[in-house]
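What follows is each chain in one-letter form.
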Amino acid sequence: MSIRPIALALGFLTAASCGAAAAPEDFAEKAEAGSPLSSGELYQIYNNRSWLWDQGGGFFSVKERRFTAWAGSGADASYGIGLWFITEPGKLCFRAKWHAREGAAPAVTCFSHRKNDGVIYQRREPDGDWYVFRDVPAKRSNEYAKLRKGDHVSARLKRIEARMSSDR
């Protein structure tokens, strides 16, 4: 099985999509000087929200902590179904089985969150760069602005799943 669609699905966050103005080193210093978000803070940010990506999105359902997502388009479309969970300190993760035309594979993706002077920093684990997730006050260019209340994922996921089923 080719992992290309799954890599595309999990590569939704790039430095370009973060709207970062300062150098990553500046964000790293500020993030490391701060403190991890609590489980309660992370829950409030993500519960029953959809995180909209450049080519896809993920929904963090409260019911059974179900995580659903889709990414890509056309032949490169994929979808994931699994669970999301919070670990200490300040880490949000989702474990999903990603389905693409070539097959399916499991993946775990995690993001760390830290706050300093009210600003929340985020990075993809294990070796992503820190960037501003939410400024004070929040800006439309922040990654946080891509979180929307409700499920904005399932309808597209079902269409992708149906298209893949009919292609078999």
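In what follows, the accompanying structure is described. Sequence order as written defines residue numbering, which begins from 1 separately in each chain. With the structure being a predicted model, the display of local features is reserved for residues of pLDDT at least 70 and the display and counting of side-chain atom pairs for 80 or more, all residues being used for whole-chain, interface and lining totals. Only heavy atoms go into the side-chain values, all of them from the structure, while hydrogens and water stay out.

1. Quick look at the overall build of the protein chain
Our working definition: A run of DSSP states H or I qualifies as a helix once it reaches four residues; a run of E qualifies as a strand once it reaches two. Both are numbered from the N-terminal end. Relative accessibility decides the category of a residue: with a 1.4 Å probe and only protein chains considered, values under 20% of the type maximum give buried, values over 50% give exposed, and everything between is partly exposed. Whether two residues are in contact is decided by their heavy atoms: any pair within 4.5 Å suffices.
Along its length, the protein chain carries four helices and 10 strands. For the protein chain, the sequential pattern of α-helices and β-strands runs α-α-β-α-β-β-β-β-β-β-β-β-β-α. Within the protein chain, the fraction of its 168 residues that count as buried is 45%. In the protein chain, 48% of the contacts between residues at least 6 apart in sequence involve partners at least 24 apart.

2. Some remarks on the state of the cysteines
Linking two cysteines covalently through their sulfur atoms gives a disulfide. Stated precisely, the cut-off is as follows: Note on terminology: disulfide denotes any pair of cysteine sulfur atoms within 2.5 Å.
One pass over the full model with this rule turns up one disulfide. Sulfur-sulfur distance for the disulfide between Cys-93 and Cys-110 comes to 2.1 Å. Residues Cys-93 and Cys-110 are joined through a disulfide that is right-handed, its torsion about the S-S bond being 110°. With Cys-93 in strand 6 (residues 91–100) and Cys-110 in strand 7 (residues 103–116), the pair connects residues that are 17 residues apart, well separated along the chain. We classify Cys-110 as buried; its relative accessible area is 14%.

3. Remarks on unusual backbone geometry
Put simply, Glu-88 and Pro-89 share a cis peptide bond, and its omega is -5°. Within the element layout of this structure, Pro-89 appears in the loop between strand 5 (78–87) and strand 6. Residue Pro-137 follows Val-136 across a cis peptide bond; omega there is -10°. Mapped onto the elements of the fold, Pro-137 is located in the loop between strand 9 (131–134) and strand 10 (147–149). Notably, Asn-48 is not glycine yet its phi reads approximately 55°, a positive angle. At Glu-64, a residue that is not glycine, the phi angle is positive and equals roughly 55°.

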